Amino acid sequence: MEADRTTSARDSVESLRAFLSEYYGRVLQGTGDLEKNACCVASSISRYSEIAELIPSEVKDRNYGCGCCIPADDLEGLTVLDLGSGTGLDCFILSHLAGEGGSVHGIDMTDEQLEIARRNIPGVMAAFGYSGNNVFFHKDFMETLGSIEDSTIDLVVSDCAINLSPRKDSVFSSIYRVLKPGGEFYISDIVADRRLPESIREDKKLLAECLGGALYEYDLLDTITAAGFRDPRGVSRSLVEENVGGQPNRFFSMTLRGFKFEEPLDLRCEDFAQHATYRGNCPGSEESFLLDLNHLFEKDSARSVCRNTARMLSETRLSRYFEVSGELEHRGIFDCSSPSPGEAPSCC
């Protein structure tokens, strides 16, 4: 009986993958073919318009996303992995941001999209003025990441692709495996304000258009935490669809970030009387730095932080931007739920 269930689950996954490959490889020829609004946001192109001008139209025209999955800090020299890289838009932008000293790997399962991405590598590298190639595309599955070795990646990104996976727990476990200690995931995806009924979850068109596979927001956070990423943080959140399939539901585009630490973060936000001060030295964000929706740091202004936030700012690549005080006595729970003063900027 157990073997029958395993075989059935495997067949279901393979059937879904075949449908999605057909949909994204042959049915969709551009964002105009989408029927819903969930995965047709061009925010990476908007934010990095000067870089995007150097990227061919056939790459940009078949780009499907719900936000901007690229952190707004210095990514020079990083090794980056993009899950569900499609025709390669974000990979090419990241290639420029990482520079010739960095490298970018794109993972996708759709041959047609990979073919477009790969044939545009030489032209994009020439447009960037690179002497060699720093971007690589792999046919692979985000649930396993078989082409990526353990602890080799500085930054994992994904734009509106993880919702397509029927095994999101495996996706985040694989992300945790390939990240280096101190590494980060930074993803934009669709979340729902409630658990979805079967009528939506099993509608293949809604699945393909990034709604049917969307998790209830707090179930997604639990899945991320269970994979080893304690205290994941929301960076932006905006409504994209509601009342889908005749149901009273709301779908949001949400950008999330989380870090891998060898010594796990605290289960809760704990107060150890620490402060963090932003130096104002992040290019493009000289006056303030957005860590997440509740933490906007003004230049040269010391702010009380929980120990988890202190570690995110002192034990990762972000440490170059912050001065963080050491731990003093434990003062109990720290309230990280209050938004920063003023309106926090969004990457979408």
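Because the structure is predicted, anything quoted here is derived from the model rather than measured.

Q: Where do I start with the overall build of the protein chain in this structure?
A: Each helix and strand counted, the protein chain has twelve helices and 13 strands in total. Counting the 348 residues in the protein chain, one finds 54% classified as buried. When the accessible surface of the protein chain is split by element, carbon and sulfur atoms take 47% of a total near 14,900 Å².

Q: Got a minute to help me understand the pattern of salt bridges in this structure?
A: Oppositely charged side chains are able to pair whenever their charged atoms sit close together. What the rule picks out here adds up to 22 salt bridges. The partner of Glu-115 in a salt bridge is Arg-119, and the shortest N-O contact between them spans 2.1 Å. With Glu-115 and Arg-119 both in helix α6 (residues 111–119) and four residues apart, this pair spans about one turn of that helix. Residue Asp-154 pairs with Lys-180 through a salt bridge whose shortest N-O separation is 3.2 Å. A residue pair is termed long-range when its members are at least 10 positions apart, and Asp-154 in strand β4 (residues 153–159) and Lys-180 in strand β5 (residues 179–192) qualify at 26 residues. On the basis of relative accessible area, Asp-154 is assigned to the buried category, the value being 18%.

Q: Explain the packing of aromatic side chains here, please?
A: For any pair of aromatic rings, the description consists of the separation of the ring centres together with the inter-plane angle of the planes. The tally for this structure, following the rule as stated, stands at twelve aromatic pairs. Measuring from ring centre to ring centre gives 5.7 Å for Phe-92 and Phe-137, while their planes differ by 70°; the resulting arrangement is edge-to-face. Of the two residues, Phe-92 is situated in helix α5 (residues 89–98) and Phe-137 in strand β3 (residues 135–139); the sequence distance between them amounts to 45 residues. Of the two residues, Phe-92 and Phe-137, both sit in the buried class. Residues Tyr-278 and Phe-289 carry aromatic rings whose centres are separated by 5.6 Å and whose planes lie at 50° to one another, so their mutual orientation is tilted.

Q: I'm lost on the sheet that holds strand β9 (residues 274–278) in this one. Help?
A: Either a parallel or an antiparallel arrangement is found when strands of a sheet pair, and the pairing is made through backbone hydrogen bonds. The three strands lie next to each other as β12-β9-β13, forming an open sheet whose pairing is antiparallel. Only two strands of the sheet have a single partner each, and these edge strands are β12 (303–305) and β13 (322–324). Strand-to-strand twist across the sheet, computed as the mean angle between neighbouring axes with direction ignored, equals 35°. In the sheet, β9 pairs with β13 via three bridges, with the strands oriented antiparallel.

Q: How should I be thinking about helix α11 (residues 217–226) in this particular structure?
A: For an α-helix, the turn length of 3.6 residues means that residues three or four places apart are oriented alike. Restricting attention to buried positions, one finds in α11 the residues Glu-217, Asp-219, Leu-220, Leu-221, Thr-223 and Ile-224. The inward-facing, buried residues of α11 abut α8 (168–178), β5, β6 (215–216), β7 (233–242) and β8 (250–259). Immediately beyond the C-terminal end of α11, within one or two residues, lies Gly-228, with a positive phi of roughly 120°.

Parameters and conventions
Residues numbered from 1 in each chain as written. Predicted model: local features only at pLDDT ≥ 70, side-chain atom pairs only at ≥ 80, totals over all residues. Heavy atoms only, no water. Helix = DSSP H or I, 4+ residues; strand = E, 2+ residues; numbered from the N terminus. Buried < 20%, exposed > 50% of the residue type's maximum accessible area, 1.4 Å probe, protein only. Areas by Shrake-Rupley, 256 points an atom, 1.4 Å probe, with all protein chains shown as cover. Salt bridge = Lys/Arg side-chain N within 4 Å of Asp/Glu carboxyl O. Phe/Tyr/Trp six-rings, centres within 6.5 Å; stacked < 30°, edge-to-face > 60°. Pairing = 2+ DSSP bridges. Axes fitted to C-alpha atoms, helices over the stretch in contact; angles between N-to-C directions. Contact = heavy atoms within 4.5 Å.

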